[in-house]
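Working through the structure, step by step
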Amino acid sequence: MRFTESNISAFPQRGFPSQVGFERPELDRILNLYGRMVAAGHWKDYAMDMRRDVAIFAAFRRASERPQIRIEKRPAERNRQGMWSLHGEQGQILKRGHDLAGVLAPVERKLMKLVAD
């Protein structure tokens, strides 16, 4: 068999992941917040989507609605405004940053208000 360019495929590049994902400590922090919001009766369901350029965690009040919040990790934005962003129910960007804790701060404050009431 003769090899031509049409039947040779490129070997996957090292260092370039085929999809973006959450690292274990990041996912632990996000799921910890999700669990506390479920315990407070505010969230009922979640979804995760891992794509080539972004990893998304979405939290829902009910499974049939749009997500109440969406946490996105975009490593390509790391050197600009930060790779983390928090999006609201209408898709607006609520917070951006370089660290996950700072981006989750508005949701943490909302949880404090829910628990205090």
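Scroll up to find the structure.
Residues numbered from 1 in each chain as written. Predicted model: local features only at pLDDT ≥ 70, side-chain atom pairs only at ≥ 80, totals over all residues. Heavy atoms only, no water.

**Let's talk about the nonpolar core**
If you look at the biggest cluster of nonpolar residues, it comprises 20 residues, and the most contacted ones within it are Ile30, Trp43, Phe57, Ile69, Ile71, Trp84 and Val107. At the level of secondary structure, the elements contributing two or more residues to this core comprise α1 (24–39), β2 (55–60), β3 (69–73), β4 (84–87) and α2 (100–116). With five residues, α2 is the single largest residue contributor to this core. (Core = buried A, V, L, I, M, F, W, Y, C linked by side-chain atoms within 4.5 Å. Buried < 20%, exposed > 50% of the residue type's maximum accessible area, 1.4 Å probe, protein only. Helix = DSSP H or I, 4+ residues; strand = E, 2+ residues; numbered from the N terminus.)

**As for the packing of aromatic side chains**
Per the stated rule, a full pass over the model turns up five aromatic pairs. On the numbers, 6.2 Å between centres and 15° between planes, the contact of Phe22 with Trp84 is stacked. Of this pair, Phe22 sits in the segment before α1 while Trp84 sits in strand β4, and the two are 62 residues apart along the sequence. Each member of the pair, Phe22 as well as Trp84, carries the same accessibility label: buried. Ring centres of Tyr34 and Phe57 lie 6.1 Å apart, and the angle between their planes is 75°; this geometry places the pair in the edge-to-face category. Separated by 23 residues along the polypeptide, Tyr34 in helix α1 and Phe57 in strand β2 bring together distant segments of the chain. Summarising the burial analysis for this pair, Tyr34 and Phe57 share the class buried. (Phe/Tyr/Trp six-rings, centres within 6.5 Å; stacked < 30°, edge-to-face > 60°.)

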